[in-house]
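# Observations on chain architecture
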Amino acid sequence: METLIKMATTIGVFDSGTGGLSVLRELLKAIPDAHYIYYSDNANCPYGDKSPEFVTQRACAISELLMDKGAQLIVVACNTATAAAISTLRAKYSIPFVGMEPAVKPAALGTQSGVIGVLATAGTLKGSLYLDTKQKYNSNVKIIEGVGRGFVELVEEGDLSSAKAEQICRTALQPLLDAGADRIVLGCTHYPFLLSTLRKIAQGYDVTFIDPAPAVAARAAQLLGTEVCACNAKAARPKVELLSSGSTEALERNYLLI
């Protein structure tokens, strides 16, 4: 069971790359007074094609680094890492961990067409966390899955709206739209950075994209025993320390977007 702590001033956040910044943005809004340490494992990005054992090893190593720097709560801002490693992290370490929950439930409860889509990495779609959630709802709704091949690389390159980006996004998204999905879950923290392109492709369709990041921030606030704020992420931005296993160029560039 996760431990409820009343106050923590330092929150660690990590992802395979810069995608977890979409979660950091929501954390900044919800808990503006905390100190944040964000770690981008971009030397090993993307995680989607890595083995669960490798991802778990990296998750443990990064978590230990964040704890050594004072993190009192860690947000695993990566769906693939959550799927592979969250159980190990919670069993191995005493501090609370918040992972990315598959947002299938709100999609299933909100659909009018009876069809929902899930865009995610192959690793997330194979993970027990997603499969268990899917099993609870696939008798009531039809779930169409799509792998966002190339999405992570686009975000890491800062290519969010080019013709190339649109074609890559369309390849993954169009089958979900054609199947009648009216709620589409963004099952990777990189994907919200491509929302403007995804919405452009979905023009003319009655579809809502669901980002689980606000729910993750709310869970972190609950564990810290604090009320959720509704601050402007930039105006209320606290001290954020950016770390990376490789080049910091993409991290610094995408940080300015949140």
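Calculation criteria
- Residues numbered from 1 in each chain as written.
- Predicted model: local features only at pLDDT ≥ 70, side-chain atom pairs only at ≥ 80, totals over all residues.
- Heavy atoms only, no water.
- Core = buried A, V, L, I, M, F, W, Y, C linked by side-chain atoms within 4.5 Å.
- Buried < 20%, exposed > 50% of the residue type's maximum accessible area, 1.4 Å probe, protein only.
- Helix = DSSP H or I, 4+ residues; strand = E, 2+ residues; numbered from the N terminus.
- Pairing = 2+ DSSP bridges.
- Axes fitted to C-alpha atoms, helices over the stretch in contact; angles between N-to-C directions.
- Contact = heavy atoms within 4.5 Å.
- pLDDT = per-residue confidence, 0-100.
- Parallel < 35°, antiparallel > 145°, perpendicular 65-115°, else oblique.
- Left-handed = near helix turned anticlockwise from the far one by under 90°.
- Nonpolar A, V, L, I, M, F, W, Y, C, P; charged D, E, K, R; others polar.
- Phe/Tyr/Trp six-rings, centres within 6.5 Å; stacked < 30°, edge-to-face > 60°.

A separate point is the nonpolar core. In terms of nonpolar packing, the biggest core is built from 55 residues, with Leu24, Ile31, Tyr36, Val75 and Leu119 touching the most fellow members. Looking at which element gives the most residues to this core, the answer is helix 10 (residues 213-224), with 7 residues. Membership of the second largest hydrophobic core comes to 21 residues, among which are Tyr47, Val76, Phe97 and Leu243.

Positionally, alanine 30 belongs in helix 1 (residues 21-30). Sequence-wise, alanine 30 and alanine 221 are 191 residues apart; in three dimensions their C-alpha atoms are separated by 7.1 Å.

Moving on, we get to the sheet that holds strand 5 (residues 115-120). Strands pair in a sheet through their backbones, by hydrogen bonds, and they do so in one of two ways: parallel or antiparallel. Strand order in the open sheet made by the 4 strands is 6-5-7-8, with parallel pairing throughout. Here the strands that pair on one side only, and so sit at the sheet edges, are strand 6 (142-147) and strand 8 (208-210). Across this sheet, the average inter-strand angle for adjacent strands is 25°, counted without regard to direction. Alignment of strand 5 against strand 7 (residues 183-187), held across 5 bridges, turns out to be parallel. Its bridge partner lying in strand 7, glycine 117 is registered against isoleucine 184.

Turning our attention to the environment of glycine 246. Assignment of secondary structure puts glycine 246 in the loop between strand 9 (240-244) and helix 11 (249-255). Between the alpha carbons of glycine 246 and lysine 29 there is a distance of 28 Å; along the sequence they are 217 residues apart. Those residues in contact with glycine 246 that sit more than four places away from it in its chain are Asn42 and Ala43.

Turning our attention to unusual backbone geometry. Omega for the peptide link from cysteine 45 to proline 46 comes to 5°, which places this bond in the cis form. Structurally, proline 46 is set in the loop between strand 2 (35-40) and helix 2 (52-68).

Moving on to the side chain of aspartate 182. Locating aspartate 182 in the fold gives a position in the loop between helix 8 (163-178) and strand 7. Every residue in contact with aspartate 182, bar those within four places of it in the chain, is listed here: Thr111, Gln112, Ser113, Val115, Asp206, Val207 and Thr208.

We now examine the confidence of the model for the protein chain. A residue-level look at the protein chain finds 93% of positions with pLDDT of 70 or above and a mean pLDDT of 92. Across residues 1-8 the pLDDT falls below 50, and counting only partners more than four positions away or on other chains, this stretch makes 21 contacts in the model.

Let's shift gears to the sheet that holds strand 4 (residues 97-98). Spatially, 5 strands are ordered 4-3-1-2-9 in an open sheet, and the strand pairing comes out parallel. Edge positions in the sheet fall to strand 4 and strand 9, since each has one partner strand and no second. Where strand 2 meets strand 9, 5 bridges bridge the pair, whose relative direction is parallel. Residue pairing for strand 9: serine 40 is matched across the bridge by serine 244.

At a minimum axis distance of 8 Å, the contact between helix 2 and helix 3 (residues 79-92) shows a crossing angle of 55°. Relative to helix 3, the element helix 2 lies oblique. The crossing of helix 2 and helix 3 is right-handed. Along the contact surface, helix 2 presents Pro52, Val55, Thr56, Ala59, Cys60, Ser63 and Glu64, while helix 3 presents Thr80, Ala81, Ala84, Ala85, Thr88, Leu89 and Lys92. Considering only residue class, the contact of helix 2 with helix 3 consists of 8 nonpolar, 4 polar and 2 charged.

Here we come to the packing of aromatic side chains. Following the criterion strictly, the structure yields 2 aromatic pairs and no others. With a centroid separation of 6.1 Å and 40° between ring planes, the pair formed by tyrosine 93 and phenylalanine 97 is classed as tilted. Judged by relative accessible area, tyrosine 93 falls into the buried class, the value being 12%. The interplanar angle of 65° and the centroid separation of 4.8 Å between the aromatic rings of phenylalanine 151 and tyrosine 191 together place this pair among those described as edge-to-face. Of this pair, phenylalanine 151 sits in helix 7 (residues 151-157) while tyrosine 191 sits in the loop between strand 7 and helix 9 (195-201), placing them 40 residues apart in sequence.

Bringing the environment of aspartate 159 into the picture now. The residue aspartate 159 is located in the loop between helix 7 and helix 8 in this model. Spatially, the C-alpha atoms of aspartate 159 and phenylalanine 193 are 9.7 Å apart, while their sequence positions differ by 34 residues. Ignoring sequence-local partners within four residues, the contact set of aspartate 159 consists of Leu154, Lys164, Ala165 and Leu194.

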